[in-house]
Amino acid sequence: MVTPNFTGNYRHGRQVNLARSSASSHRSSQSILKDASAARAQREELRKRERSAIVIQSFYRGRRDVAQARERLREEFIRLAGQQSVAMSPGDVAAMFVFFFGKGNSGATHQDVSLIPMLERMIGGSSGLADVDSSRARKLARVLLGCLRNVETNHEIQISCLRLLRIIQAKVSLEEVIASYSSLISGLRDASALAKVVENVIIATKSTPDRARALLDYVKYFLSTPNLFVNITEVGVQMHIQEVFNFSADIIPLIANPAIQSSTTATLYEPEADQDSRLEWLLANILYMWRHQRMPEGPIITIPFMRALSNILRGLSVSAGKRLSRALSTSSGGVDQFVRDNLEVLKERQNIELSILPVTSMLSSNGTGPNREALLATCLYFVSLLRIWPLKNSEIRYFLYLTPEYTLPLFFKTLKASRLFDIIMFKSFGPTAVSSGATASLWAPAVDDEYHDIAIQEWEILSLFLDICWHWMIMTDDDEFFDETQYGLSLSDVRELGMFLKVLVFLIVCNDDATVIIHRGRQIKIGAGGDNHVALSNSSALTLNKIKTNAIGIMRQLVYRDSRRSFLNKKYWLMDDRIDIPAFTAQAIIDEDRMDRYFEQNMLEISDDTSESEFEVPETGFSSSSARLDLRAKMMVTPRIEILQKIPFILPFQSRVEIFDRSLDHDRAKHGLDRDYELRWRRHKAEIRRSHMLEDAFNQLNGLRSELKSLIGITFVNDFGVEAGIDGGGITKEFLVGVCKEGFDPANGLFLENSQNLLYPNPAATSPEQLQYFEFLGRVIGKALYQGILVEVSFAQFFLSKWQVQNNTVFGTGFRNTFDDLWSLDPELYRGLIKLKNYSGDVESDFGLNFTITNSHNITVELIRNGAHVAVTAANRLQYIHEVANYKLNKELYRQTQAFLFGMNDLLSPTWLVMFSPNEMQTLVGGAALPIDIEDWKKNTVYGGFYEKDPTITYFWEVIEELNDEDVRSVLKFVTSVSRAPLQGFSSLKPSFTIRESGLAQDRLPTASTCVNMLKLPRYVTKETLKSKLMFAVTAGAGFDLS
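Being a predicted model, the structure only gives us computed values, none of them experimental.

Caption draft 1: Quick look at the pattern of salt bridges. Under the criterion given, the structure shown has 34 salt bridges. A salt bridge links Lys-548 to Glu-642; the nearest nitrogen and oxygen atoms lie 2.5 Å apart. With Lys-548 in helix H25 (residues 544-564) and Glu-642 in helix H28 (residues 639-646), this residue pair connects regions lying 94 residues apart in the sequence. Judged by its relative accessible area of 2%, Glu-642 is buried.

Now the structure itself:
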């Protein structure tokens, strides 16, 4: 509204808001109501807080008054408790004690030294708590347990608490009692208090009506408690808890029962990590109690005890087993020291002997021997020991080797009693041929249903036996082996074992698709195409590959022993009834070619510095060989190839020679050496002085290496100049024979002769030049074998065995000689070591030996670390003997042997040589040491100037038939330079044996051209003249005639 003023100006009038709000902020009625409601709520909240404060203050004052009253009553209760007699029942005393000193009270219980003993006196004996219910008993127990857990509680109060708990525990379940006591163990440091805890547990267990359940709870919740006996170290305390050890012996049969294993170990604890930890402590605690038994003779190991330990160890998961074995073998972390210390005692020699004592004592007491269950328990116990100490396997097997003489036969008896042995020996029908790509099932027409029921334990027993048997084979010399009165297996047992292993390995190698194990729902396949590297069970690292490897090792040892001293039938190893030999031979060549081609194409995938260990199958089985397995799969190692490399002796020797010859033919074709124009173009020529054959041959031909496979053109130079002639193969033969004669002559210094005039490398020949000559002589022998030329060189057996080197990534690293091979090197040293081995006197003082040896350079060498300071005693003489043999046979000759084999392998694949035993290899080099087949000789002779029915030829063969074997060989050597017949008969002799007319002069001697296997025979008119002239020429060495 506009109002006038006295100035005549019009303006708005002033507006005054008495409610202190602008006109623009006019409020609605709803807003006014809301503000009023908020004000009322604020006033109500303030009133509530005032009332709550009053209530709290009232409650606090009430609780304070109650606490003061309780304290006054508690003090009065303590005063009354101090009196000699109290007119109050033990039940009421216990109730008042819980009321005054239970959870939530002042806690003075832990500080009043006299309180617990007074409570014990007021309650009296166990009958005093008859009217106390279990709920109140638990409350009282909690008070006492809290007192025990308090670190300030002194010894007297701890013991009094435990005595009271012994009375109260009858009102509580055994599981609660054991769980409560177990929780105390780690906190208690007083040894006698710990002993009382254990005593209380035993009393509670014994008083439980269900004894079986009580014992199981005792094992499950108490004996598996960590640190249960860690602080019990005083002798007096150990004697005080002897009852613990005696009582705990009652649980041994429980754990030893195979039926309880699944519930006691395999699924006892959850989760698995807790299970493994509990089982480790259970094992350690049982061993601790066993070690502290009070017995006149000391602790003994019983069959149930071994069975219990085995069940616990088998209950560990594979990962826990690996961790435990790693910790025990390398002293690394991951396992408590108490556990480690108690487990260590099991592998001590004394306890190994104690373990075998139960079964051997049965044999000596009743004459019939232990029952199968006892043998099985013993075997499985040692399987468990070998599993957790993989790096100590040799030591454990050695201790078993030193146990009484019937240990190994008992283990073999256990194996023979198994269904596994019965099925392999008598129910396996095996493949009838190993020739085609597909092989027959392991048991035709299908896998025997009964086999699925064979326990995995029998495979583990087999593995254990093979481990010990292998150790026995290595440690036993030939005299002990063949002496039926000595410990070990009898010859009849050995023959039976060999037959079993032969069939077992054959089945493993040759069957691709035979399922032989069903264990815990897993199917394991046996065979080259099967899963031989997969563990046979979830609780074991045992694989079929490990079994196969050990079995093959034993079989090879038997073959070597038989080659030194025959005790097996000549056809003992043959399995030609199961193998189609012609088809096998044909397919093996194809397999080998396929493997070689793949190897050559993929050589770049294999690093030159790849460690040998990557391709080895470890003895323990805990580390995988995936690299080796993958490589074997890539290179397609078929059953035929594996037979030829691992168990070639199951094939006849002639069949293997045929495979060898066909492999050579295939190799020649692969390198184009079977084509005439190639031969002429690639022929390597050399001029050789007859007076310096070895030197000239080395200088002109050694650099060829593998090119030496091709033909060589030799031109001889004598004192009169170059000799005329064309080398059609005969001159090469003469050249090789001549180089061998000079190179292997002991006077040359590269090789020496043993007492049997057999050759071996000179250990003193170690200069770089001499090692190069060893390489060259290896190539010369390889060339002779490659060309099929026999040379009159005889090697020592131990050196021939080294030719079985398997220096490729498929089949390992080769062969090592053992003690018995020392006989073919140094018979005198061998006899001396045998004397030392059997010596019954004081070895140390009478022999005065230490672990050193003087080598061929007259330098003293230590056989072991600090060997000069280690005396040879009766305890370590076996180690000394084998260290000496190892040095003389392997270490001292290593460089010479490696050089020789390196040169030989330039021409011959190692996979060809491994097919033959040492004796067979000598036959390949120099021919068969068999009576010469004169009819075969006559049938394959070529005549020049004569005809087959010519009188002179008739006289010749009549003379040959009249001569003794030695003279016949002399005639053959006169013509061919070799006294032995060719391996494949005279039809394989190249060039063919030839008799050529050399004139009519009756006074002329026969001559020979050994380079072409030619006898130049005058046309003698009488038989007598022919015989006298021939034998004179042979004995006089009429030699080579150029005409």
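Caption draft 2: View of the side chain of Ser-224. With respect to the helices, strands and loops of the structure, Ser-224 is situated in the loop between helix H8 (211-223) and helix H9 (235-240). In terms of polar contacts, Ser-224 uses its side chain to reach the side chain of Arg-278, at 3.0 Å.

Caption draft 3: Broad picture of the sheet that holds strand E7 (residues 721-722). The sheet built from 3 strands is open, its strands ordered E5-E6-E7 with mixed pairing. Only two strands of the sheet have a single neighbouring strand rather than two, namely strand E5 (684-689) and E7. In the sheet, strand E6 (residues 712-718) pairs with E7 via 2 bridges, with the strands oriented antiparallel. Bridge assignment links Asn-718 to a residue of E7, and that residue is Gly-721. Its contacts with the sheet put helix H31 (residues 693-701) on E5 and E6, and the angle it makes with E5 is roughly 155 degrees.

Caption draft 4: The arrangement of the confidence of the model for the protein in detail. Of all residues in the protein, 74% have pLDDT values of 70 or greater, and the mean over the chain is 76. Predicted confidence is poor over residues 512-535, with pLDDT under 50, and the contacts of this stretch with residues over four places away or in other chains come to 79 contacts.

Caption draft 5: How the structure looks around the sheet that holds strand E15 (residues 1014-1017). With mixed pairing, the 4 strands of this open sheet are ordered in space as E12-E13-E15-E14. Only two strands of the sheet have a single partner each, and these edge strands are strand E12 (941-944) and strand E14 (1007-1009). On average, adjacent strands in this sheet sit at an angle of 20 degrees to one another, irrespective of strand direction.

Caption draft 6: Focus on the pairing of E5. Sheet topology places E5 next to E6; 6 bridges connect them, and they run parallel. Counterpart to Ala-686 in the pairing with E6 is Ile-714. For the crossover that starts at E5, traverses H31 and ends in the parallel E6, the hand is right-handed.

Caption draft 7: Highlighting unusual backbone geometry. Although it is not a glycine, Asn-858 sits at a positive phi angle of roughly 60 degrees. Relative to the assigned elements, Asn-858 resides in the loop between strand E10 (852-854) and strand E11 (860-862). Residue classification places Asn-858 among the exposed positions, given a relative accessible area of 65%. Although it is not a glycine, Asn-866 adopts a positive phi angle of roughly 55 degrees.

Caption draft 8: Representation of the environment of Ala-899 within the structure. Residue placement: Ala-899 occurs in helix H38 (residues 894-904). Each C-alpha atom of the pair Ala-899 and Phe-776 lies 8.6 Å from the other, and the pair is 123 residues apart in sequence. Every residue in contact with Ala-899, bar those within four places of it in the chain, is listed here: Leu-771, Phe-774 and Glu-775.

Caption draft 9: Region of interest: the side chain of Asn-876. Locating Asn-876 in the fold gives a position in the loop between E11 and helix H37 (877-891). Looking at Asn-876, the relative accessible area reads 16%, which means it is buried. At a separation of 2.6 Å, a polar atom in the side chain of Asn-876 contacts the main-chain amide nitrogen of Thr-873. Sequence-distant contacts of Asn-876, that is, excluding residues within four places in its chain, are made with Phe-851, Val-870 and Ala-871.

Caption draft 10: Quick look at the packing of helix H6 (residues 174-185) against helix H7 (residues 191-206). The interhelical angle for the contact between H6 and H7, taken along N-to-C directions, is 170 degrees, at an axis separation of 10 Å. Relative to H7, the element H6 is oriented roughly antiparallel. On the side of H6, the interface is formed by Leu-174, Val-177, Ile-178, Tyr-181 and Ile-185, while H7 contributes Leu-194, Val-197, Asn-200, Val-201, Ala-204 and Thr-205. Considered class by class, the residues forming the contact of H6 with H7 number 9 nonpolar, 2 polar and no charged.

Caption draft 11: Main features of the packing of aromatic side chains. Tallied over the entire structure, the rule returns 41 aromatic pairs. Judged by centre distance (5.0 Å) and plane angle (85 degrees), the rings of Phe-481 and Phe-482 are edge-to-face. Considered together, Phe-481 and Phe-482 belong to a single accessibility category, that of buried residues. Among the aromatic side chains, those forming a connected cluster through ring pairs are Phe-744, Phe-751, Phe-774, Phe-795, Phe-799, Trp-803 and Phe-900. Lys-502 extends its terminal NZ or CZ atom over the ring of Tyr-572, reaching a point 5.7 Å from the ring centre. Cation over ring: Arg-690 sits above Phe-716, and NZ or CZ is 4.1 Å from the ring centre.

Caption draft 12: Up close: the nonpolar core. If you look at the biggest cluster of nonpolar residues, it comprises 244 residues, and the most contacted ones within it are Phe-735, Ile-781, Phe-795 and Trp-803. The element that contributes the greatest number of residues to this core is helix H24 (residues 491-510), accounting for 13 residues. Setting aside chain neighbours within four positions, we find Trp-803 in contact with Ile-781, Phe-795, Phe-900, Leu-901, Met-904, Leu-913, Met-921 and Val-925. Formed by 30 residues, the second largest nonpolar core is a distinct cluster that contains Trp-957, Leu-963, Phe-974 and Phe-993.

Caption draft 13: Structural view of the environment of Leu-568. With respect to the helices and strands, Leu-568 occurs in the loop between H25 and helix H26 (581-601). On the accessibility criterion, Leu-568 (8% relative accessible area) is buried. Taking C-alpha positions, Leu-568 is 9.8 Å from Val-494, a pair spaced 74 residues apart along the chain. Other than its neighbours up to four places away in sequence, Leu-568 contacts Arg-495, Asp-562 and Trp-573.

Caption draft 14: Region of the structure containing helix H35 (residues 827-838). Taking 1.5 Å of rise per residue, the 12 residues of H35 would be expected to cover 16 Å, and the 17 Å separating its terminal C-alpha atoms lies within 8% of that figure. For H35, the full list of buried residues reads Pro-827, Tyr-830, Leu-833, Ile-834, Leu-836 and Lys-837. Along its buried surface, H35 packs onto helix H19 (393-401), helix H22 (456-475), helix H23 (478-482), helix H36 (843-847) and H37.

Caption draft 15: Molecular detail of the packing of H6 against H8. Between H6 and H8, whose axes approach to 10 Å, the crossing angle comes to 25 degrees. For the element pair H6 / H8, the angle class is roughly parallel. Crossing of H6 over H8 shows right-handed handedness. On H8, the residues touching Leu-174, Glu-175, Ile-178, Ser-182 and Ile-185 of H6 are Arg-213, Ala-214, Asp-217, Tyr-218, Tyr-221 and Phe-222.

Caption draft 16: Spotlight on helix H43 (residues 965-976). The first and last C-alpha atoms of H43 sit 16 Å apart over 12 residues, in line with the 16 Å expected at 1.5 Å per residue. Three or more residues of H43 are buried, namely Val-968, Arg-969, Val-971, Leu-972, Phe-974, Val-975 and Thr-976. The positive-phi residue at the C-terminal boundary of H43 is Ser-977, with phi of around 75 degrees.

Quick notes on the rules
Residues numbered from 1 in each chain as written. Predicted model: local features only at pLDDT ≥ 70, side-chain atom pairs only at ≥ 80, totals over all residues. Heavy atoms only, no water. Salt bridge = Lys/Arg side-chain N within 4 Å of Asp/Glu carboxyl O. Helix = DSSP H or I, 4+ residues; strand = E, 2+ residues; numbered from the N terminus. Buried < 20%, exposed > 50% of the residue type's maximum accessible area, 1.4 Å probe, protein only. Polar contact = N/O pair within 3.5 Å; in protein donor to acceptor, adjacent residues only side chain to side chain. Pairing = 2+ DSSP bridges. Contact = heavy atoms within 4.5 Å. Axes fitted to C-alpha atoms, helices over the stretch in contact; angles between N-to-C directions. pLDDT = per-residue confidence, 0-100. Right-handed = clockwise from strand over helix to strand, strands pointing away. Parallel < 35°, antiparallel > 145°, perpendicular 65-115°, else oblique. Nonpolar A, V, L, I, M, F, W, Y, C, P; charged D, E, K, R; others polar. Phe/Tyr/Trp six-rings, centres within 6.5 Å; stacked < 30°, edge-to-face > 60°. Lys NZ or Arg CZ within 6 Å of the ring centre and 35° of its normal. Core = buried A, V, L, I, M, F, W, Y, C linked by side-chain atoms within 4.5 Å. Expected span 1.5 Å × (residues − 1). Left-handed = near helix turned anticlockwise from the far one by under 90°.

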